[in-house]
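Structural overview
Chain residues, written in single-letter form:
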Amino acid sequence: MRRVVITGLGTVNSLGIGVETTWGRLIEGENGVKPLTRFDVSGHTTKIAATVDWDPEEHFDRMATRKLDPFTMWALMSAKEALADAGLENIHEVDETQRETYGSVIGTGIGGITGIEEQHLVMGEKGARRVTPHFIPRIMSNAVSGQVSIAHGLLGTAYTTSSACASSGHAIALAYQSIVSGESDLIVTGGAESATTPLGLAGFCSAKALSTRNDDPGAACRPFDKDRDGFVMGEGCGILIFEEYEHAKARGARIYAEMKGFGSTDDAFHITAPKEDGRGPARAMGLALKRAGINPEDVDYVNAHGTSTAYNDAIESRAIRLAFGAHADKLAVSSTKSMLGHCLGASSAVELVASTLSIHHGVVHPTRNYTTPDPECDLDYVPGSARQMRVRNVLSNSLGFGGHNVSLCIGELA
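Reference entry: report on the structure contained in this document. Not measured: the values here are computed from a predicted model.

**Some details on helix α5 (residues 113-126)**
- End to end, α5 covers 20 Å across 14 residues, agreeing with the expected 20 Å (1.5 Å per residue, within 8%).
- Listed as buried for α5 are I113, T114, G115, E117 and Q119.
- Where α5 terminates, the next one or two residues include G127, which has phi positive at roughly 100°.

Here it is, written out as structure tokens:
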């Protein structure tokens with residue numbers, strides 16, 4: 001069977017722009033959550049979020065900022081970083097026949113909501129004829145994969161997946177399948193999300209899903225902690241370069257890790273609530289292990305979905321025990337969201353970037369704000385500080401509205 005390896009990484013998130021900055025801050029357990037100043041939040045119950053601090057015009061010309069929503073701009077920035085990291089900054093110069101096997105599979109849960117809200121206001125204030133002609137190509141979800149393909153001349157398969165918080169997990173799984181099947185030799189994959197808008201925030205506030213610890217943003221996101229009171233909205237992008245192993249080896253690429261398998265299931269239970277028995281995510285983890293051809297005992301670390309909501313954290317902990325049995329007590333489990341919030345459709349990708357670096361550097365980042373144990377969450381959540389350890393294999397979990405469960409398995413190159 002064709003093997004898939006990870007040769008490049010890129011990210012934009014609330015902890016920083018770029019992999020080096022992000023990884024350094026993750027290892028230190030730093031906070032990306034802050035008071036929201038981007039728009040008026042006086043009418044919102046939650047007034048904090050893990051937002052990206054950036055100036056679009058430092059990265060794009062003014063015309064591009066009118067044509068592109070933030071989620072697409074972040075994907076372009078992260079793809080550029082990831083390709084350069086893989087030694088492929090001049091990929092557009094590769095022979096066209098070869099580029100027919102290079103693709104772009106990127107997920108987003110909500111897509112261009114920023115542009116939708118902006119242009120709805122324009123139409124209300126100035127009339128329908130003042131809506132920009134760039135509106136539709138700006139806000140459509142598939143802009144993210146299309147624009148990355150256009151920017152780098154990727155002539156192979158290109159599409160966008162959308163399955164709420166599992167969106168980029170499904171994108172990554174399908175990118176893996178595309179290479180294993182022989183359809184592709186290289187895929188730019190991951191996810192991007194920029195849903196921290198007045199309407200996006202209001203929707204999650206009304207659903208009572210968000211933390212209201214507005215007076216202490218740094219302590220608001222506390223996965224698996226007994227005092228958790230909801231998730232914190234995040235935003236950003238994670239991009240990974242997937243290559244067929246022989247393709248990467250032939251060009252002398254540095255290999256971070258191997259993508260070994262995935263599991264995808266559904267609870268078939270409720271549009272927003274996970275099923276309490278945890279069997280859906282447990283089956284996803286089991287399928288990931290089966291496809292990877294490894295035993296539960298071969299896994300050292302689980303990068304948890306870990307949202308900081310009462311239901312998710314308890315049910316995911318239950319699911320990990322179902323999937324791993326007695327070995328669950330030997331796993332390190334931590335939540336990237338504890339520091340950079342919940343990036344929704346981009347979360348799988350950003351968290352797989354972190355998981356890849358854990359394998360590469362032999363260190364697992366902590367779960368920030370884990371101070372008070374919850375009897376329903378009884379695993380080793382890596383409290384306090386980062387842990388130096390060999391990480392042979394990782395499962396990275398994402399659970400989304402709609403009952404979607406995705407578990408991605410990556411590990412050391414065998």
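**As for the nonpolar core**
- One finds I6, L9, I172, L240, F242, M259 and L408 to be the most contacted residues of the largest nonpolar core, which totals 46 residues.
- Contacts of L408, omitting those with residues within four sequence positions, involve G169, I172, A173, M259, G261, F262, L352, V394, L395 and S396.

**Points about the pairing of strand β1 (residues 4-13)**
- Among the 10 residues of β1, 10 are classified as buried, and the element is accordingly described as predominantly covered.
- Sheet topology note: the β1/strand β9 (residues 257-266) ladder contains 3 bridges and is antiparallel. Note that in β9 the partner of V5 across the bridge is E258.
- Inspection of the sheet shows β1 paired to strand β8 (residues 236-244) by 9 bridges, in the antiparallel sense. Bridge pairing in β8 links V4 to E244.
- Relative to strand β2 (residues 16-17), β1 is paired through 2 bridges, and the arrangement is antiparallel. From the neighbouring strand, N13 faces β2, where its bridge partner is G16.
- Joining the antiparallel neighbours β1 and β2 is a turn of 2 residues.

**Considering the environment of S184**
- One can find S184 in the loop between α8 (167-181) and β7 (186-193).
- When neighbours within four sequence positions are excluded, S184 is seen to be in contact with R2, T101, T157, S178 and I179.

**Remarks on the packing of aromatic side chains**
- This model, assessed by the stated rule, comprises 5 aromatic pairs.
- Ring centres 4.1 Å apart and planes at 10° place the aromatic pair F224 and Y381 in the stacked group. Of this pair, F224 sits in the loop between α9 (198-206) and β8 while Y381 is found in the loop between β12 (363-364) and β13 (387-388), placing the two residues 157 residues apart along the sequence. Each member of the pair, F224 together with Y381, is buried.
- The rings of F224, Y370 and Y381 are connected pair by pair, giving a single aromatic cluster.
- Directly above the ring of Y245 sits R3, whose terminal nitrogen or CZ lies 4.9 Å from the centroid.
- Over the ring of F262 we find R291; its NZ or CZ atom is 4.3 Å from the centre of that ring.

**Comments concerning the packing of helix α3 (residues 70-85) against helix α7 (residues 143-152)**
- Between α3 and α7, the shortest axis-to-axis distance is 9 Å and the interhelical angle comes to 40°. On the basis of the axis angle, α3 is oblique to α7. Taken as a pair, α3 and α7 cross one another with a handedness that is right-handed. Of α7, the residues touching α3 (which contributes F71, T72, A75, L76, A79, K80 and L83) are A143, V144, Q147, V148, A151 and H152.
- Here the contact of α3 with α7 is composed, by residue class, of 9 nonpolar, 3 polar and 1 charged.

**Quick word on the packing of α8 against helix α14 (residues 347-361)**
- Running from amino to carboxyl end, α8 crosses α14 at an angle of 65°, the nearest separation of the two axes being 5 Å. On α14, the residues touching S168, G169 and I172 of α8 are S347, S348, A349 and L352.

**Here's the deal with the pairing of β8**
- In terms of burial, β8 is a largely internal element, 9 of the 9 residues being buried.
- Burial along β8 is two-sided: the residues G236, G238, L240, F242 and E244 and C237, I239, I241 and E243 are all buried.
- Pairing of β7 with β8 involves 8 bridges; the strand directions are antiparallel. Bridge pairing in β8 places I187 opposite F242.

**Side note on the side chain of S347**
- Tracing the backbone shows S347 in helix α14.
- Engagement of the side chain of S347 in a polar contact is seen with the backbone oxygen of L344, the distance being 2.8 Å.
- With residues near it in sequence (within four places) discarded, S347 still touches C165, S168, K337, H342 and S398.

**Here's the deal with the pattern of salt bridges**
- For the structure on display, the rule yields 22 salt bridges.
- With a shortest N-O distance of 2.6 Å, D69 and R138 are connected by a salt bridge. Taken as a pair, D69 in the loop between α2 (62-67) and α3 and R138 in helix α6 (residues 135-139) lie far apart in primary sequence, 69 residues in all. The burial state of D69 is the same as that of R138; both residues are buried.
- In the salt-bridge network here, residues are joined through shared partners; they are D69, E118 and R138.

Rules used throughout
Residues numbered from 1 in each chain as written. Predicted model: local features only at pLDDT ≥ 70, side-chain atom pairs only at ≥ 80, totals over all residues. Heavy atoms only, no water. Helix = DSSP H or I, 4+ residues; strand = E, 2+ residues; numbered from the N terminus. Expected span 1.5 Å × (residues − 1). Buried < 20%, exposed > 50% of the residue type's maximum accessible area, 1.4 Å probe, protein only. Core = buried A, V, L, I, M, F, W, Y, C linked by side-chain atoms within 4.5 Å. Contact = heavy atoms within 4.5 Å. Pairing = 2+ DSSP bridges. Phe/Tyr/Trp six-rings, centres within 6.5 Å; stacked < 30°, edge-to-face > 60°. Lys NZ or Arg CZ within 6 Å of the ring centre and 35° of its normal. Axes fitted to C-alpha atoms, helices over the stretch in contact; angles between N-to-C directions. Parallel < 35°, antiparallel > 145°, perpendicular 65-115°, else oblique. Left-handed = near helix turned anticlockwise from the far one by under 90°. Nonpolar A, V, L, I, M, F, W, Y, C, P; charged D, E, K, R; others polar. Polar contact = N/O pair within 3.5 Å; in protein donor to acceptor, adjacent residues only side chain to side chain. Salt bridge = Lys/Arg side-chain N within 4 Å of Asp/Glu carboxyl O.

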